[in-house]
Amino acid sequence: GAVVSQHPSRVICKSGTSVKIECRSLDFQATTMFWYRQFPKQSLMLMATSNEGSKATYEQGVEKDKFLINHASLTLSTLTVTSAHPEDSSFYICSARGQGPYEQYFGPGTRLTVT
Amino acid sequence: AQSVTQLGSHVSVSEGALVLLRCNYSSSVPPYLFWYVQYPNQGLQLLLKYTTGATLVKGINGFEAEFKKSETSFHLTKPSAHMSDAAEYFCAVSGSPAGNKLTFGGGTRVLVKP
């Protein structure tokens, strides 16, 4: 089946620094990738949708200058959390869609802790 | 606007017993409904989905769910729980069958007792 990986699985960074999270589709080409955020004991919240070669579409309330998304190839999307603060600590999950059957394939998530 | 409510953040069942996870949704458009499972340290995996047609949907691992429009529900069931069913389960709704812009419920963690 389709596999999506994320790297790193866990990251700890200091307040004010930036951190990049990678999302890769390993065995298929992902025309569309999604980034979600999950707070402890809460739902996954869609942050943004990115199509390869286009600017990401952000959900209402998500700061596009803080959460930079790049989808430069059909197998890689990156989320950069800029000037991270403790309130950005969360679980970030990506998913990817191909052109075929209608299903999103999810990555395992990245746990970000900002100290 | 769409929303999903999963009743019970934790469910404990005995091995061999019925698993019932409740999901209610609200949607301003005809809903497309999904159930996902997440095992520890893994991504979400699609269990089943309802798009159109038959309201009783069968998925992987012996799970099934029934779409009841009058009750705005999409409850997930499995007749006999296995230890391997211990995981977190998410119900989600979308305005398209492709599952774009999924709105998730809060999740239900299932514990299976031997």
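Structure shown above.
Residues numbered from 1 in each chain as written. Chains lettered and ligands numbered in written order. Predicted model: local features only at pLDDT ≥ 70, side-chain atom pairs only at ≥ 80, totals over all residues. Heavy atoms only, no water.

**Some details on the side chain of Thr-49 of chain A**
Cut-off, in case you're wondering: Every helix listed is a DSSP run of H or I at least four residues long, and every strand listed is a run of E at least two residues long, numbered separately from the N terminus. It only takes one pair of heavy atoms within 4.5 Å for two residues to be counted as in contact.
Along the chain, Thr-49 of chain A falls in strand β5 (residues 44-51). Setting aside residues no more than four positions away along its own chain, Thr-49 of chain A makes contact with Thr-32, Met-33, Phe-34, Ala-56 and Thr-57 of chain A.

**Looking at the state of the cysteines**
All names here are of chain A. Here is the rule we go by: Put simply, a disulfide is two cysteine sulfurs that come within 2.5 Å.
Summed over all chains, the structure comprises two disulfides over all chains. One disulfide in the model links Cys-23 with Cys-94; its S-S distance is 2.0 Å. Linking Cys-23 and Cys-94, the disulfide has an S-S dihedral of approximately 80° and is accordingly described as right-handed. You can see Cys-23 sitting in strand β3 (residues 19-25) and its partner Cys-94 sitting in strand β9 (residues 90-97), a full 71 residues away along the chain.

**Structural notes on the packing of aromatic side chains**
What counts is decided by this rule: Pairing of aromatic rings covers Phe, Tyr and Trp, the last counted by its six-membered ring, and requires centre-to-centre distances within 6.5 Å; plane angles under 30 degrees mean stacked, over 60 mean edge-to-face, and any other angle means tilted. Relative accessibility decides the category of a residue: with a 1.4 Å probe and only protein chains considered, values under 20% of the type maximum give buried, values over 50% give exposed, and everything between is partly exposed.
Applying the stated criterion to the full structure yields 12 aromatic pairs over all chains. Between Tyr-36 of chain A and Phe-104 of chain B the ring centres are 5.6 Å apart and the planes differ by 85°, which places this aromatic pair in the edge-to-face class. Linking Tyr-36 of chain A in strand β4 (residues 32-38) with Phe-104 of chain B in strand β10 (residues 103-104), this pair reaches from one chain into another. You can call Tyr-36 of chain A buried: its relative accessible area is 0%. Between Phe-34 of chain B and Tyr-36 of chain B the ring centres are 6.3 Å apart and the planes differ by 25°, which places this aromatic pair in the stacked class. Each member of the aromatic cluster is reached from another via a ring pair, and the members are Tyr-36 and Phe-106 of chain A together with Phe-34, Tyr-36, Phe-90 and Phe-104 of chain B.

**Focus on the pattern of salt bridges**
Think of it this way: side chains of opposite charge can pair up when their charged atoms draw near. To keep it simple, the criterion reads: A side-chain nitrogen of Lys or Arg and a carboxyl oxygen of Asp or Glu constitute a salt bridge if their distance falls within 4 Å.
A complete count under the given rule lists six salt bridges over all chains for this structure. Salt-bridge contacts for Glu-59 of chain A lead to Lys-101 of chain B; the nearest nitrogen and oxygen are separated by 3.3 Å. With one member in each of two chains, Glu-59 of chain A in the loop between β6 (57-58) and β7 (67-73) and Lys-101 of chain B in the loop between β9 (87-94) and β10 form a pair that bridges those chains. Lys-101 of chain B gets classed as partly exposed once you look at its relative accessible area, which sits at 43%.

**Examining the sheet that holds strand β6 (residues 56-58) of chain B**
All names here are of chain B. Our working rule: A pair of strands is treated as paired once DSSP finds two or more bridges between them. Axes here mean lines fitted to C-alpha atoms, for a helix over just the part in contact, with angles spanning 0 to 180 degrees between N-to-C directions.
As summarised here, the arrangement of the five strands in space is β1-β3-β8-β7-β6, forming an open sheet in which the pairing is antiparallel. With partners counted over all chains shown, the strands left at the sheet margins are β1 (2-7) and β6, one partner each. Adjacent strand axes in the sheet meet at a mean angle of 20° when their direction is disregarded. Where β1 meets strand β3 (residues 19-27), six bridges bridge the pair, whose relative direction is antiparallel. Across the sheet, residue Thr-5 finds its bridge partner in β3, namely Asn-24.

**Description of the nonpolar core**
Residues and elements named next belong to chain B. Which entries qualify depends on this criterion: Among buried residues, the Ala, Val, Leu, Ile, Met, Phe, Trp, Tyr and Cys ones that are joined through side-chain atoms within 4.5 Å form a nonpolar core.
Core analysis: the largest hydrophobic core is formed by 27 residues, its most contacted members being Leu-21, Trp-35, Leu-47, Leu-48, Phe-74, Leu-76 and Tyr-89. Elements with a minimum of two residues in this core: β2 (10-14), β3, β4 (32-38), β5 (44-50), β7 (64-68), β8 (73-78), β9 and β11 (108-113). Beyond its immediate sequence surroundings of up to four residues, Phe-74 is in contact with Cys-23, Leu-33, Phe-34, Trp-35, Leu-48, Lys-49, Tyr-50, Ala-65, Glu-66 and Phe-67.

**Observations concerning unusual backbone geometry**
Across the junction of His-7 of chain A and Pro-8 of chain A, the peptide omega takes the value 0°, indicating a cis bond. When you line up the elements, Pro-8 of chain A lands in the loop between β1 (4-7) and β2 (10-13). At Ser-83 of chain A, a residue that is not glycine, the phi angle is positive and equals roughly 45°. Of note in the backbone geometry, Asn-61 of chain B takes a positive phi value of approximately 60° without being a glycine. Take Asn-61 of chain B: it is sitting in the loop between β6 and β7.

**Some remarks on the pairing of strand β11 (residues 110-114) of chain A**
Residue and element names in this part refer to chain A. Only one face of β11 is buried: it carries Thr-110, Leu-112 and Val-114, and the other face, with Arg-111 and Thr-113, is open. Where β2 lies against β11, four bridges are found, and the strand directions are parallel. Following the sheet pairing, Arg-10 is matched in β11 by Arg-111. Of the pairings in the sheet, the one linking β9 to β11 comprises three bridges and is antiparallel in character. Pairing of Tyr-92 across the sheet is with Thr-110, part of β11.

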